[in-house]
Amino acid sequence: MTAHASPFSDSSPAPGFYAARLSRPGAVLAPMAGYSDAPMRQLAAEQGALWTVSEMISARGLVLGGDTEKLNLGRPYAGEQGRVVQLFGAEPELLAAAVARAEAWFVPAAIDLNMGCPVPKIRGKGGACLLQTPEVAFELVGAMRAATALDVSAKIRLGWDTDRSVEVAQGLEAAGVSLITVHGRTSRQRYTGEADWDAIARVAASVSVPVVGSGDIQDAQTARQRQQDSGVAAVMIGRGSVGNPWIFRALAEGQDSGERPSAQARAQTALRHAELQTQFYNDDTGRLTLRPLRKVLPRYLPDYPELHADLTQVITVADVGRVLAPLLIPLPDSLADLLPQGGAVQTGAVSRASTEYAGSYP
């Protein structure tokens, strides 16, 4: 494989990334397939996330497939920093080659090995399957470390069907990881039940490398309490950050309440998310770009369920602006009185106004 200079950056990150970022307060954006793409990472980073993690990328696909530096899973947004690229695989040679290629193409701040994905379709190809054969994972980490000077980390679950997290974490430490993230469920649990933060605490106490805890963090208060009680270096937030990037600001700045902004501010951010989505994916037709965002937009406004059906049907940024018009624009009393119970838009005048608002965005 011939590495070449990345088109995204003129400089390469230095090792020691995790230690530097953990010297300040905050939380981490979790890798989430179909969610933690560049637009979501940008919003989280702007709100003070310690770092963000890409959607997982297949090492085999990156090395042997048709992937290029334009691969959206790894491609950063313009000026992106503090982004960790997560790889999955089960073959040392391929993972080493994938690390080199990811570093050359995507200029990550660090590289993470996925040992926690429970999705059946990657069974035998890495992910949580490595918890059944942790000695393979330790070999993978060694191969990855030999391929880069960047920090290498691993994200694990407690085990495949029983808790082996301390054993696995200690083996990963011996293999040379700079950081371990622990999700407090087994692979068999998927996302059912409750995350076991006592188990996460045992891992944090058993190794000398930093441990990041993950599982069921929905608000800043819970995040602080979990971090304090478990002794982890930081918490990682996944589903609780979807439609709520402000949770990272609350934790970075030590805000007491961590309450979400006003409905207008949330609607504005939802619209901006749609704009970032359109800019990043740059779909010529404009008809496919926002489909993945349909499941995200309603999460910005859980207290406005009357808008959710329309938000799951949007095609363009202008559509998002029209749906959110009652929250984006202070309406005159004459128009506000025409809104039915719950605020759904029915009038042509409101539709015209919202179209003008959406069109004013660059």
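Residues numbered from 1 in each chain as written. Predicted model: local features only at pLDDT ≥ 70, side-chain atom pairs only at ≥ 80, totals over all residues. Heavy atoms only, no water.

The space that makes up the largest pocket amounts to roughly 630 Å³. Lining the largest pocket are 29 residues, with P31, M32, A33, K155 and Y191 positioned closest to its centre. Contributions of two or more residues to the lining of the largest pocket are made by strand 6 (152-157) and strand 9 (234-237). (1 Å grid on protein atoms, 1.4 Å probe; cavity = no way out; pocket = protein on both sides within 12 Å on 5 of 7 lines; lining within 4 Å. Points joined across faces, edges and corners; volume = space filled by probe spheres on them. Helix = DSSP H or I, 4+ residues; strand = E, 2+ residues; numbered from the N terminus.)

We now examine the nonpolar core. Core analysis: the largest hydrophobic core is formed by 102 residues, its most contacted members being W51, L62, L87, L113, M115, L172 and L324. In terms of residue count, helix 4 (residues 92-106) provides more of this core than any other element does, seven residues in total. With residues near it in sequence (within four places) discarded, L324 still touches A267, A270, L271, L301, L307 and L311. (Core = buried A, V, L, I, M, F, W, Y, C linked by side-chain atoms within 4.5 Å. Buried < 20%, exposed > 50% of the residue type's maximum accessible area, 1.4 Å probe, protein only. Contact = heavy atoms within 4.5 Å.)

Remark: helix 6 (residues 165-175) packs on helix 7 (residues 197-206), axes separated minimally by 9 Å, with the N-to-C direction vectors making an angle of 30°. Considering only the axes of helix 6 and helix 7, their crossing is right-handed. On the side of helix 6, the interface is formed by S165, V166, A169, Q170 and E173, while helix 7 contributes A199, R202, V203 and S206. Considering only residue class, the contact of helix 6 with helix 7 consists of four nonpolar, three polar and two charged. (Axes fitted to C-alpha atoms, helices over the stretch in contact; angles between N-to-C directions. Left-handed = near helix turned anticlockwise from the far one by under 90°. Nonpolar A, V, L, I, M, F, W, Y, C, P; charged D, E, K, R; others polar.)

Moving on to the pattern of salt bridges. Opposite charge on two side chains permits them to pair, given that their charged atoms come into close proximity. In the structure shown here, the tally under the stated rule is eleven salt bridges. With a closest N to O distance of 2.8 Å, E91 and R60 form a salt bridge. With E91 in the loop between strand 4 (83-88) and helix 4 and R60 in helix 3 (residues 59-64), this pair connects stretches of sequence that are 31 residues apart. Residue R60 is classed as partly exposed on the basis of its relative accessible area of 42%. Its salt-bridge partner being R266, residue D303 comes within 3.0 Å of it at the nearest N-O pair. (Salt bridge = Lys/Arg side-chain N within 4 Å of Asp/Glu carboxyl O.)

What follows deals with the packing of aromatic side chains. For the coordinates displayed, the defined rule picks out six aromatic pairs. Ring geometry for F17 against W51: centres 5.9 Å apart, planes inclined by 65°, an arrangement best described as edge-to-face. In this pair, F17 sits in helix 1 (residues 17-21) while W51 sits in the loop between helix 2 (38-46) and strand 2 (52-53), placing the two residues 34 residues apart along the sequence. For F17, a relative accessible area of 9% gives the class buried. (Phe/Tyr/Trp six-rings, centres within 6.5 Å; stacked < 30°, edge-to-face > 60°.)

As a further point, take the environment of S178. Take S178: it is sitting in the loop between helix 6 and strand 7 (179-183). Considered as a pair, S178 and V152 are 26 residues apart in the sequence and their alpha carbons are 5.8 Å apart. Setting aside its immediate chain neighbours within four residues, S178 contacts Y18, D151, V152, V209 and P210.

Bringing the packing of helix 4 against helix 5 (residues 134-146) into the picture now. Any two packed helices are characterised by the angle at which their axes cross and by the distance between the axes. The N-to-C vectors of helix 4 and helix 5 enclose an angle of 35°; their axes lie 8 Å apart at closest approach. In the packing of helix 4 onto helix 5, the handedness of the crossing is right-handed. When helix 4 is examined against helix 5, the residues P92, L95, A96 and V99 are found in contact with a partner set consisting of E139, L140, A143 and M144. Residues belonging to the contact of helix 4 with helix 5 are distributed by class as follows: seven nonpolar, no polar and one charged.

This brings us to the confidence of the model for the protein chain. With 83% of its residues at a pLDDT of at least 70, the protein chain reaches an overall mean of 86. Here residues 331-362 scores under 50 on pLDDT; set against residues more than four positions off or in separate chains, the count is 36 contacts. (pLDDT = per-residue confidence, 0-100.)

Working note: α-helix, 3.6 residues per turn, so residues spaced by three or four point in the same direction. Among the residues making up helix 8 (residues 220-230), those that are buried are A220, A223 and S230. The buried residues of helix 8 occupy an angular sector of 120° when projected down its axis, which confines them to one face. Across from the buried face of helix 8, at angles greater than 90 degrees, the exposed residues are Q221, Q228 and D229. Looking at the buried positions of helix 8, the neighbouring elements they touch are helix 7, strand 9 and helix 9 (246-253). Capping of helix 8 at its N-terminal end is provided by D219; its side-chain oxygen lies 3.2 Å from the backbone amide nitrogen of Q221. Following helix 8 by one or two positions, G231 has its phi on the positive side, about 80°. (Arc of directions from axis to C-beta. Polar contact = N/O pair within 3.5 Å; in protein donor to acceptor, adjacent residues only side chain to side chain.)

Along the chain, the position of F248 falls in helix 9. Along the sequence, F248 and G26 sit 222 residues apart, while their C-alpha atoms lie 6.4 Å from each other. The contact partners of F248, leaving out residues within four places of it in the chain, are A27, V28, L29, A44, Q47, G48, A49, I237 and S241.

As for its position among the elements, R21 is in helix 1. In this structure the side chain of R21 is engaged in a polar contact, spanning 2.6 Å, whose partner is the backbone oxygen of L50. Ignoring sequence-local partners within four residues, the contact set of R21 consists of L50, W51 and G82.

Below, the discussion takes up the pairing of strand 5 (residues 110-115). Among the six residues of strand 5, six are classified as buried, and the element is accordingly described as predominantly covered. Where strand 4 and strand 5 come together, four bridges link them in parallel fashion. Its bridge partner being in strand 5, Q86 is matched across the sheet by D112. Between the parallel elements strand 4 and strand 5, the chain passes through helix 4 in a crossover that is right-handed. Taken together, the five bridges between strand 5 and strand 6 define a ladder with parallel strand orientation. From the neighbouring strand, I111 faces strand 6, where its bridge partner is V152. (Pairing = 2+ DSSP bridges. Right-handed = clockwise from strand over helix to strand, strands pointing away.)

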